[in-house]
Amino acid sequence: MIEISFGKLVLLALIALIVLGPEKLPGAARTAGALLRRVRNGWDSVRAEVERELEVEEIRRTAREAAAQAEAVQKEVEAGVKQVREPLDEAVATMKSAGAPAVDAASGGTPESPAALVADGVAGTDEAQAQLPLGEPAAEPVPQPAAREPESSHGRA
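Bear in mind that the values here come from a model prediction, so they are computed numbers and not experimental data.

## Observations concerning the overall build of the protein
When helices and strands are tallied, the protein shows 3 helices and 0 strands. Per-residue burial over the protein gives 3% buried out of 157 residues.

## Describing helix H1 (residues 6-98)
Between its first and last C-alpha atoms H1 spans 101 Å; for 93 residues at 1.5 Å apiece the expected length is 138 Å, and the helix comes up short by more than 12%. Along H1, the helix axis deviates most sharply at Gly 21, where the bend reaches about 110°; the proline Pro 22 sits within four residues downstream. Positioned one or two residues after H1, Gly 99 has a phi angle of 75°, which is positive.

## A few points about a nonpolar patch on the surface
Residues Ile 2, Ile 4, Phe 6, Leu 9, Val 10, Leu 12, Leu 14 and Leu 17 make up a contiguous nonpolar surface patch of roughly 860 Å² in combined accessible area. Here Ile 4 is to be found in the segment before H1. Its relative accessible area of 58% is what places Ile 4 among the exposed residues.

## Some words on the pattern of salt bridges
Proximity of charged atoms lets side chains of opposite charge pair with each other. All told, the structure shown has 6 salt bridges when counted by the stated rule. A salt bridge links Glu 49 to Arg 52; the nearest nitrogen and oxygen atoms lie 2.7 Å apart. Of this pair, Glu 49 and Arg 52 both sit in helix H1, 3 residues apart, roughly one helical turn. Judged by relative accessible area, which is 46%, Arg 52 ranks as partly exposed.

## Structural notes on the confidence of the model for the protein
Detailed reading of the predicted coordinates is not advisable wherever pLDDT is low. Across the protein, the average pLDDT comes to 77, with 62% of residues at 70 or higher. Overall, residues 103-112 carries pLDDT values under 50, and its contacts beyond four positions in sequence, including any with other chains, amount to 13 contacts.

Cut-offs applied
Residues numbered from 1 in each chain as written. Predicted model: local features only at pLDDT ≥ 70, side-chain atom pairs only at ≥ 80, totals over all residues. Heavy atoms only, no water. Helix = DSSP H or I, 4+ residues; strand = E, 2+ residues; numbered from the N terminus. Buried < 20%, exposed > 50% of the residue type's maximum accessible area, 1.4 Å probe, protein only. Expected span 1.5 Å × (residues − 1). Bend = angle between axes of the 7 residues up to and from the residue. Patch = residues over 30% accessible without salt bridge, like charges linked within 9 Å, V, L, I, M, F, W, Y side chains within 5 Å. Areas by Shrake-Rupley, 256 points an atom, 1.4 Å probe, with all protein chains shown as cover. Salt bridge = Lys/Arg side-chain N within 4 Å of Asp/Glu carboxyl O. pLDDT = per-residue confidence, 0-100. Contact = heavy atoms within 4.5 Å.

Set out below in structure tokens:
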């Protein structure tokens, strides 16, 4: 930007006083001040607009990066699901081709093997729910408490 020292400003005021005279100088100063204000406001608005555009562009770039990362994660998940599904489908096809029954009637409607559960596609939840009385949740195995190990003193007396 243009640097104006105090000496240059005084010299400029003297030249303006000589050229314009004492009667027209105040009006010219007001006009110059208004012009400077307009230029400064215009410059500030242009700068603010450029900053907004830069922020918008940065947000767009960030959104593109996030979308690319999400797409990569989605592809990884799909690949993992495919890796798990292929052996599972093969096991189901093998079980179906072997003609293994999905549920053993002698055991009261419970599946006889995990492979049979896979072949059905459902872990027998409907049959298990049908056998329960209304309002009672299915009984879960009670966890056994872990054996306690003797505590060391760690310097305690």
